[in-house]
Amino acid sequence: MTDTTGLDTLDAQRLELLRRRIAERGLARPSVADDGGRRPAISDGQRRMWFVQSLDPNGALLNICVSYRVSGDVDVTRLRQAVDAVALRHPVLRTTYETGSDGDPHPVVRDDLRPDWAEHDLSGLAGQARQLRLEVLAQRQFRQPFDLTKDSPLRIAAARLGAGELVLLFTAHHIAWDDGSWAPFFADLTRAYTDPDSVATGQTSVAIAAGAGNLDDDLAYWRPLITDLPEPLELPGPNGSLVPSTFRAQRAVTRLSAGTVERAAALARETGATPYMVLMAGFAAVVHRYTHSTDFLVAVPVLNRGGGTENAIGYYGNTVVMRMRPRPRQTFRELLTETRDSAVGALAHSRVDLEWLVRASNPDRRHGAERMTRVSFGLREPDGGGFTPPGIR
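Residues numbered from 1 in each chain as written. Predicted model: local features only at pLDDT ≥ 70, side-chain atom pairs only at ≥ 80, totals over all residues. Heavy atoms only, no water.

1. A short note on the pattern of salt bridges
Counted according to the given criterion, the structure contains 14 salt bridges. Notably, a salt bridge pairs R47 with D44, separated by 3.2 Å at the nearest N-O pair. Here the residue R47 and the residue D44 both occupy positions in helix α2 (residues 44-55), the gap between them amounting to three residues, near one helical turn. The class of D44 is partly exposed, set by a relative accessible area of 40%. One salt bridge connects R89 with D188, and the closest N-O pair in it is separated by 3.1 Å. Taken together, the positions of R89 in helix α3 (residues 76-89) and D188 in helix α5 (residues 182-194) put the pair 99 residues apart, joining distant regions of the chain. D188 gets classed as buried once you look at its relative accessible area, which sits at 2%. (Salt bridge = Lys/Arg side-chain N within 4 Å of Asp/Glu carboxyl O. Helix = DSSP H or I, 4+ residues; strand = E, 2+ residues; numbered from the N terminus. Buried < 20%, exposed > 50% of the residue type's maximum accessible area, 1.4 Å probe, protein only.)

2. Here we look at the nonpolar core
Membership of the largest hydrophobic core comes to 42 residues, with the highest contact counts inside it found for L79, L93, W177, F185, L189 and F387. Elements supplying a minimum of two residues to this core: α2, β1 (63-71), α3, β5 (154-162), β6 (165-173) and α5. By residue number, the principal contributor to this core is α3, which donates seven residues. Contact partners of F387, with chain neighbours within four places excluded, come to V70, L79, F186, L189, T190, Y193 and I392. With 37 residues, the next largest nonpolar core counts M280, W356, L357 and V375 among its residues. (Core = buried A, V, L, I, M, F, W, Y, C linked by side-chain atoms within 4.5 Å. Contact = heavy atoms within 4.5 Å.)

3. Quick word on helix α10 (residues 332-348)
The terminal C-alpha atoms of α10, which comprises 17 residues, lie 24 Å apart, in line with the 24 Å expected from a rise of 1.5 Å per residue. Listed as buried for α10 are L335, L336, T339, A343, G345 and A346. Looking at the buried side of α10, the elements it contacts are α7 (215-222), α8 (258-271), α9 (275-291) and β8 (317-324). (Expected span 1.5 Å × (residues − 1).)

4. A short note on the packing of α3 against α5
Following both chains from N to C, one finds α3 and α5 inclined at 125°, their axes separated by 8 Å at the closest point. Between α3 and α5, the angle is such that the two are oblique. The way α3 lies across α5 gives a crossing that is right-handed. For the pair formed by α3 and α5, the contact residues are R78, L79, A82, V83, A85, V86 and R89 on the first element and F185, D188, L189, A192, Y193 and T194 on the second. Of the residues assigned to the contact of α3 with α5, the class counts are nine nonpolar, one polar and three charged. (Axes fitted to C-alpha atoms, helices over the stretch in contact; angles between N-to-C directions. Parallel < 35°, antiparallel > 145°, perpendicular 65-115°, else oblique. Left-handed = near helix turned anticlockwise from the far one by under 90°. Nonpolar A, V, L, I, M, F, W, Y, C, P; charged D, E, K, R; others polar.)

5. Looking at the environment of A264
When you line up the elements, A264 lands in helix α8. Residue classification places A264 among the buried positions, given a relative accessible area of 11%. A264 sits 12 residues away from Y276 along the chain, and the two C-alpha atoms are 8.9 Å apart.

6. Here we look at the confidence of the model for the protein chain
Should the pLDDT be low somewhere, the predicted coordinates at that spot are not to be read in detail. Here the protein chain averages 83 in pLDDT, and 82% of its residues register 70 or above. In the predicted structure, residues 1-37 sits below a pLDDT of 50 and forms 28 contacts with residues beyond four places in sequence or in another chain. (pLDDT = per-residue confidence, 0-100.)

7. Details of the packing of α8 against α10
Packing of α8 against α10 leaves a shortest axis separation of 11 Å and a crossing angle of 70°. Between α8 and α10, the angle is such that the two are roughly perpendicular. Every residue of α10 that contacts α8 at L267, E270 and T271 is listed here: F332, R333, L336 and R340. Within the contact of α8 with α10, the residues separate by chemical class into three nonpolar, one polar and three charged.

8. A closer look at the sheet that holds β5
Judged by pairing direction, the sheet is mixed, and its four strands sit side by side in the order β1-β6-β5-β4 without closing on themselves. Edge strands, defined here as strands with exactly one partner in the open sheet, are β1 and β4 (116-121). Neighbour-to-neighbour, the strand axes of the sheet open up by a mean angle of 15°, direction not taken into account. (Pairing = 2+ DSSP bridges.)

9. Considerations on unusual backbone geometry
Phi at H292 takes a positive value of approximately 60°, unusual for a residue other than glycine. Along the chain, the position of H292 falls in the loop between α9 and β7 (296-303). A positive phi angle is found at R329, which is not glycine, with a value near 65°. Tracing the chain through its elements places R329 in the loop between β8 and α10.

Structural data, given as structure tokens:
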């Protein structure tokens, strides 16, 4: 990728001359937040998201879509003002992305940009008609792509179903959102709705999480693990081994009983693992059962939220690859021990980008990165407390 760090070495006079020439030619940017003469930073993860979106500008693959049913006397106008206050606090919600002459994306924080907002009153419709209309609105909202050059990466639709009943449809672009963004978003939204001045007075910085540790140590950890990679996993079914030609997929839902969850937690305590590691070992056992593979890769999404990002909205994610090696006649506890040790190492060295792993492993042209991401395992944390002002649930 082109190195643009030399731009930062321009002295103040040359920068001022450049600004004047741009202004004289009518090429000055629209209202943009003052960043002290420096471009806002963009992380490697955000750059990946921008690249994927640029491959399919009309696609909604990176849309994060969530619906919330809210009960209580919600003042919709006040709620919209609270959303704007949250956007003022978190510049990433007012950021667009321009492509420079070097072809790289550059974030631009805009003072006048706010999340898109829409309101729909469905209270006059009968029950079935109201539900069908809500589903149409949700599909339209969730499938609409973001234009990263001009849109806020967050949009919200509020659908009134009846007195004291509201459905909120949230759509966020992954370039500005990860699973760790829900808790600070809802916390700030609740505060801004309850006390508007409590959020508007502060502003979080656009921070790039820099986890502790040495990158050279991380690279040294991964190098031996990505040598002599296994063949791509042969999944069962007519389409199991085909390289996907579309992003459209099916969804199957199975609920784990409370007893199963408790047994997983108890086993984690007994073996010095976590419930996440227990479930991942179970996932590896299922893959082994249906494929008979004893050596395969599992892509694992992780959050690299360092100090100072706990209350920030943004994308601080990465993808690491774990190598699973279940064996016939192996006990589940043995598989869990291996999974635990692999997970501890992978998560401790998760700052290495997936692109580096792909380049370093030199996968053949037939499979590329898909070889590493054919199967994936993730576990979502709760979305925080949600939108919970007094009298609203």
